Amino acid sequence: MIAEQEVHNIKGIDSLVSFLREKLNWQLPEGDISDITFDWTGSELNLSENIHKKLRDGVVRQFQPFKNDQPWGIFVVDFVDPKVSVVSLRQMLRCLVSKKRGQSPDHPSWDLPNLLFICLYGDDGFTFAHFKGEKPFGSRLSTFSWHPGEPIRTVCEFNLPALEYDDSWTPDKWAEEWQNAFDVEKVNKLFYKEIAQLYYRLTGKSKHTRELALPSQGDKPNDKDYEEFAVRLIGRTIFCWFLKHKKSDKNVPLIPEEVLSLDAVKNNADYYHSVLEPLFFEVMNKEKAARKQLNLPKVDSIPFLNGGLFEEHPNDFYNGTPAYSLKINNNWFLDFFTVLEQYNFTIDENSSINVDVSVDPEMLGRVFENLLAEVVPETGETARKATGSYYTPRVIV
């Protein structure tokens, strides 16, 4: 694993090149970026005028090969705008793959899966991009990124270490190893594994001591009551975590940090009753005109969601006022949010042709699906109805 501070210290292309040499063993010649790259102009790449304008200095740079039989073409793309242009990358791809360059023998060409784009944009934003498929049209683009102030655990633990270079590799081995840097399934599986451990702690399953106490209302709560409550709590919270990364038309996060973050837990005793419970049932579940006065910051920026996820379930033990015999220690939330804050979250759901190697909204459905299987192993249907969840995600865990 690469130390996070080493990645945070990367500022611009020169320090990135030093990092690639020193930490990932890239066999790049000494010198600055102009000494170790070849420039490709927009006209050489047959880029449109609009795409050409998006490139700083109007060029794309290619790193000099590490060795003669190198399978990878490695390109540096510095965008003028503060974001990566996927359209631009796809246009470059069409001009670099073997079939397209066969008619231009003066320039090298590559197999489509062996192209790596390192993109710079904005204030020290970096994205590594890789295409996979047989043809440029419809090929799958996978990316991982980091930006100042954002979590970089997966970048340091999975993505960048997979791009370490080993001089003993054959070309086929090299191509295979570097493609692992863009495997989103590894990130998803680790994320679910950590969420599952938090679920076990709440429910007392898997030899854990139960950290959730539910009220007794006539009958004593049974194991299924604990399990279904835990699924609802975890699912609702992760849903809100995604909303925290989405901004309104006024560029304001839909759920503020003061409500949902590690600091929010530290600043609010009995975090569940003082913050999450009113957030779920008095804010997310009610239109703004119907909300009562609450002691939550920036509550007007938080939207009403009418999909049923935040409707009170009888076993939420909430009827307008908290049931304080329902207890969840703040330490559990500190551990839960520590996990969430270590991952990159994207609000754009991955598609079949564009994949961000981070936690995307579909992961919420995957968490529900897999935790529901913990509640009712033989069928998720009973548990779906009991938890108020109606997700039908792809099962990948």
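Scroll up for the structure.
Presented here is an overview of the structure given in this document. It should be emphasised that the depicted structure is a prediction, and the values quoted were computed from it without experimental measurement.

With that out of the way, let us pick up the packing of aromatic side chains. A full pass over the atoms with the stated rule returns 33 aromatic pairs. Their ring planes at 25° and their centres at 5.1 Å tell us that phenylalanine 126 and tryptophan 146 sit as a pair that is stacked. Highlighted residues: phenylalanine 126 in strand β5 (residues 125-132) and tryptophan 146 in strand β6 (residues 140-146), separated in sequence by 20 residues. Taking 5.8 Å as the distance between ring centres and 25° as the angle between the ring planes, the aromatic pair formed by phenylalanine 128 and tryptophan 146 counts as stacked. On the criterion of sequence distance, the pair formed by phenylalanine 128 in strand β5 and tryptophan 146 in strand β6 is long-range, its members being 18 residues apart.

As a further point, take helix α7 (residues 171-179). Every buried residue of α7 is accounted for by Trp174, Ala175, Trp178 and Gln179. Along α7, the residues classed as buried sweep out an arc of 125° about the axis, all on the same side. In this fold, the buried residues of α7 make contact with β3 (73-78), β4 (115-121) and β5.

When two helices pack together, their arrangement is given by the angle between their axes and by how far apart the axes lie. Running from N to C, helix α11 (residues 271-284) and helix α12 (residues 330-341) point in directions that differ by 55°, and their axes come no closer than 10 Å. One element, α11, and the other, α12, form an angle in the oblique class. The segment α11 lies against α12, with Tyr271, Tyr272 and Leu276 engaging Asn330, Phe333 and Phe337.

What follows covers unusual backbone geometry. If you check the backbone angles, lysine 207 has positive phi at about 70° while not being a glycine. Residue class for lysine 207 comes out exposed when judged on its relative accessible area of 88%. Unlike most non-glycine residues, lysine 298 shows phi in positive territory, near 55°. Along the chain, lysine 298 turns up in the loop between α11 and β8 (327-328).

Attention now goes to the pattern of salt bridges. Under the counting rule described, the total for this entry stands at 19 salt bridges. Across the salt bridge formed by lysine 67 and aspartate 167, the nearest N and O atoms sit 4.0 Å from each other. In this pair, lysine 67 is assigned in the loop between β2 (59-63) and β3 and aspartate 167 in the loop between α6 (153-159) and α7, connecting sequence segments 100 residues apart. On the accessibility criterion, lysine 67 (22% relative accessible area) is partly exposed. Overall, aspartate 167 belongs to the exposed group, its relative accessible area being 51%.

Take the environment of aspartate 78 next. The topology assignment puts aspartate 78 in strand β3. Considered as a pair, aspartate 78 and glycine 122 are 44 residues apart in the sequence and their alpha carbons are 9.4 Å apart. Leave out the neighbours within four places in its chain, and aspartate 78 touches Lys54, Leu55, Arg56 and Leu120.

By size, the foremost hydrophobic cluster in this structure holds 63 residues, and its most contacted members are Ile195, Leu233, Leu279, Ile328, Phe333 and Phe337. Contributing elements (two or more residues each) for this core: α8 (184-203), α9 (223-244), α10 (262-266), α11, α12 and α13 (362-375). Excluding its chain neighbours within four sequence positions, the residues that come into contact with leucine 279 are Cys240, Val259, Met284, Leu296 and Ile302. With 38 residues, the next largest nonpolar core counts Leu20, Ile36, Phe63 and Phe182 among its residues.

Because an α-helix packs 3.6 residues into every turn, residues spaced three or four apart end up facing the same way. Between its first and last C-alpha, α8 extends 29 Å over 20 residues, near the 28 Å set by a 1.5 Å rise per residue. Looking at where α8 begins, the residue whose side-chain oxygen comes 3.1 Å from the main-chain nitrogen of glutamate 185 is aspartate 183. Just beyond α8, the residue with positive phi is glycine 204, at close to 80°.

Reading the values: rules and limits
- Residues numbered from 1 in each chain as written.
- Predicted model: local features only at pLDDT ≥ 70, side-chain atom pairs only at ≥ 80, totals over all residues.
- Heavy atoms only, no water.
- Phe/Tyr/Trp six-rings, centres within 6.5 Å; stacked < 30°, edge-to-face > 60°.
- Helix = DSSP H or I, 4+ residues; strand = E, 2+ residues; numbered from the N terminus.
- Buried < 20%, exposed > 50% of the residue type's maximum accessible area, 1.4 Å probe, protein only.
- Arc of directions from axis to C-beta.
- Contact = heavy atoms within 4.5 Å.
- Axes fitted to C-alpha atoms, helices over the stretch in contact; angles between N-to-C directions.
- Parallel < 35°, antiparallel > 145°, perpendicular 65-115°, else oblique.
- Salt bridge = Lys/Arg side-chain N within 4 Å of Asp/Glu carboxyl O.
- Core = buried A, V, L, I, M, F, W, Y, C linked by side-chain atoms within 4.5 Å.
- Expected span 1.5 Å × (residues − 1).
- Polar contact = N/O pair within 3.5 Å; in protein donor to acceptor, adjacent residues only side chain to side chain.

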